[in-house]
Number of protein chains: 2
Amino acid sequence: MRVTILGGGGFLGRKLARRLAAEGAATHLTLADMAEPPPLDAPFPVTCVAADVTDAAALERAIPDGTDVVVHLAAVVSAAAEADYDLGLAVNLRGTLAVIERCRGLARPPRVVFTSSVASFGGGQDAMLPDDARQLPANSYGAQKAAAELLLQDASRRGMLDAVSIRLPTVIIRPGRPNKAASSFVSAILREPLLGLETPLPVAEEFRVWVCSPRLAVEWLRHAMTMDTAPLGLDRGVNPPGLCVSVREMLGVLSPAQRALVRPAPDAGVQAIVGGWPAAFAATRARALGFAPQPGMDAILATFLEDDLAATRAERGL
Amino acid sequence: MRVTILGGGGFLGRKLARRLAAEGAATHLTLADMAEPPPLDAPFPVTCVAADVTDAAALERAIPDGTDVVVHLAAVVSAAAEADYDLGLAVNLRGTLAVIERCRGLARPPRVVFTSSVASFGGGQDAMLPDDARQLPANSYGAQKAAAELLLQDASRRGMLDAVSIRLPTVIIRPGRPNKAASSFVSAILREPLLGLETPLPVAEEFRVWVCSPRLAVEWLRHAMTMDTAPLGLDRGVNPPGLCVSVREMLGVLSPAQRALVRPAPDAGVQAIVGGWPAAFAATRARALGFAPQPGMDAILATFLEDDLAATRAERGL
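Residues numbered from 1 in each chain as written. Chains lettered and ligands numbered in written order. Predicted model: local features only at pLDDT ≥ 70, side-chain atom pairs only at ≥ 80, totals over all residues.

In this section: helix α1 (residues 11–23) of chain B. All names here are of chain B. With 13 residues, α1 should reach 18 Å at 1.5 Å per residue; the first-to-last C-alpha distance of 19 Å fits that figure. The inward-facing, buried residues of α1 abut β1 (2–6), β2 (28–33), β4 (69–72) and α7 (214–226). Remark: Gly24 follows α1 within two positions and exhibits a positive phi of approximately 60 degrees. (Helix = DSSP H or I, 4+ residues; strand = E, 2+ residues; numbered from the N terminus. Expected span 1.5 Å × (residues − 1). Contact = placed C-beta atoms within 7 Å.)

Shown next as structure tokens:
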């Protein structure tokens, strides 16, 4: 299995690459990102390339002939796509068109695992979204992801490639520092106190979010790489079984001293974006397709402590 | 009101232009199409330009500064987009992106009336689609139209333009000759017998279609040009109130002699495309928004006899 990860230098891309290395699950891996990803120890050859997904020539290097699976994680995230319309459109939509164009040039149509997002849905806090819910995004990131899904679905129907689009929940607890995703606070309100640091809370404690751990997100990507896509039929979008959790429930895994580090700081800009995202999905189809469900908040905390706390401390010099 | 019609040389574009001229509803009209549209008599200046919607420079001429309304009818239709993926993508998706790009360059965000299609839905013959039905297209034309709708919706939310996307039913009875739309037969089975000509019927008589007359389609476009868009909110897609009718009911408006000219000729290719299109919509929201409903088949026949039969005879030398 020859695999390419676009966005292979990013948070999930790196974790997926390590998982493939630990499994010995590939015969060759290409890691591509805007900046050349660092080398990776693996029992198979790993090529690291600098490649912009909007650049057709770069995509030829990133997706070499004979590629079986393309995991397309390259994206401009929510708040960044909202702040820079042209950049979001270039990467999230035109970049995906360029990936389709490259994939249809391969001798064999590759599996394409695409990360879409719950941000492609509207409905807000009170919605419980069925598997066939309409995507009515209230942000440019979600609109670009939903449009890209339609194009990948059509390319799959035409036999140019074989796509699975996973609408990822908000992934928590992300290591590192806050990023430009409007949902960045959802990780920060746990990560920062666990590091002994204060952190602002831009929403109310009743605010609910649809979440999953980084480890489970990688598990879903891995499953989508080799699952049987015949049961998907025309519909290549999957709402995986995340966890619906309130901020209060999230903060419940912290000690009282840690919890005291979370300071209310209402932010209308963040609320305007994340307030439109639904927090609850039926996710019935995904379960039947073999996507594992997210256990509770304790499991999410344990995953961070096992997988990412030490590296985060080291990275931030704490 | 300064108006541009992209696809202004086409069937609906021409009819809309004549309607605006009869009404005296514009202060200036630009008709743009691949080939320069013929001149039009009107009580206001009319500029005719050759412009490819995928060409940014041409769009500057087609949508001059000060344009208030852009009616975007330029498209590669269903069977043509299925036969030529690249052409469909270039016109239906990239062309709409170029229109958005031009519109955001204007000093005032223009109204954009976009023709989407029932082909952007799946579900087939047995479905009754609610107003919030998901678009799960089974053809490239529908996928490109649905993706374009998402981008127009996002551009509206951002205040770059003010879009209304009308998912047109199959428009019957089209004058002229059969075209590359997979639904071409739906007009042909009435038009050809009315001209005294034989015509093949590629589907069963039980086959149902969601239809409207050209005159009503133009009425909807005209309404969308100046309607209040505030009640639309985020959701810029409208399913107008067409008519659900079976082939048998359609043929019921013909005389026995005319009906004998319709010869069963099952066509698996046509069935594969049109069989996936739903034939029934609730269209509740559109009625509340002031879109007039389609009366029955008798009205559709009368419209053709009044508006298009003579011109069709002349055009075809009959």
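After presenting the structure, the write-up continues.
Contacts between the two partners involve 19 residues from chain B and, on the opposite side, 19 residues from chain A. No other element matches the nine residues that helix α5 (residues 140–157) of chain B contributes to the side of chain B that touches chain A. Residue composition of the side of chain B that touches chain A, by class: ten nonpolar, three polar and six charged. (Nonpolar A, V, L, I, M, F, W, Y, C, P; charged D, E, K, R; others polar.)

With the exception of glycine, the majority of residues adopt a negative phi angle, and the majority of peptide bonds are in the trans configuration. Residue Ile172 of chain A is joined to Ile173 of chain A through a cis peptide bond whose omega torsion reads 0 degrees. Examined against the element boundaries, Ile173 of chain A turns out to sit in the loop between β7 (170–171) and α6 (184–194). For Ala283 of chain B, which is not glycine, the phi dihedral falls at a positive 55 degrees. Its location among the elements puts Ala283 of chain B in the loop between α10 (268–274) and α11 (284–288). A tally of 22 C-beta atoms within 10 Å means that Ala283 of chain B is categorised as buried. (Buried ≥ 20, exposed ≤ 12 C-beta atoms within 10 Å, placed from the backbone.)

Another aspect to go through is the packing of helix α5 (residues 140–157) of chain A against α5 of chain B. Across the interface, α5 of chain A lies against α5 of chain B with an axial gap of 9 Å and an inter-helix angle of 175 degrees. Taken together, the axes of α5 of chain A and α5 of chain B are roughly antiparallel relative to one another. From α5 of chain A, Ser140, Ala143, Ala146, Ala147, Leu150, Leu151, Gln153 and Asp154 of chain A reach across to α5 of chain B, where they touch Ser140, Ala143, Ala146, Ala147, Leu150, Leu151, Gln153 and Asp154 of chain B. Tallied by class, the residues present in the contact of α5 of chain A with α5 of chain B amount to ten nonpolar, four polar and two charged. (Axes fitted to C-alpha atoms, helices over the stretch in contact; angles between N-to-C directions. Parallel < 35°, antiparallel > 145°, perpendicular 65-115°, else oblique.)

Moving on to the sheet that holds strand β11 (residues 243–246) of chain B. Through backbone hydrogen bonds, the strands of a sheet pair up, either in parallel or in antiparallel fashion. Strand order across the open sheet formed by three strands is β7-β9-β11 (chain B), with mixed pairing between neighbours. Single-partner strands in this sheet number two, and they are β7 (170–171) and β11 of chain B. (Pairing = 2+ DSSP bridges.)

The next thing to look at is the relation of the copies chain B and chain A. Note on the copies: chain B fits chain A at an RMSD of 0.0 Å, the axial shift is 0.0 Å, and the rotation between them is 180 degrees. On the angle and the small slide along the axis, the relation comes out as a two-fold axis. Interface residue correspondence from chain B to chain A reaches 100%, placing this contact among same-surface, isologous pairings. (Least-squares fit on C-alpha atoms with pLDDT ≥ 70 in both.)

One finds Val71 of chain A together with Val71 of chain B to be the most contacted residues of the largest nonpolar core, which totals 197 residues. A domain-level breakdown of this core finds at least three residues from each of domain 1 (2–169 + 213–238) and domain 2 (184–210 + 242–315) of chain A. Not counting chain neighbours up to four residues away, the residues in contact with Val71 of chain A comprise Val3, Ile5, Leu6, Leu16, Val113, Leu221 and Met225 of chain A. (Core = buried A, V, L, I, M, F, W, Y, C linked by C-beta atoms within 7 Å. Domains from an automatic or database assignment.)

All names here are of chain A. By domain assignment, chain A separates into domain 1 (2–169 + 213–238) and domain 2 (184–210 + 242–315). Computed from C-alpha atoms alone, the centre-to-centre distance between domain 1 and domain 2 is 24 Å. Of all elements in the fold, only α3 (78–83) and α7 (214–226) reach the threshold of two or more residues within the side of domain 1 that touches domain 2.

Residue and element names in this part refer to chain A. In this structure, Trp210 sits in strand β9 (residues 208–212). Residue Trp210 is classed as buried on the basis of its C-beta count, with 25 C-beta atoms lying within 10 Å. Counting along the chain gives 48 residues from Trp210 to Asp162, while the straight-line C-alpha distance between them is 27 Å.

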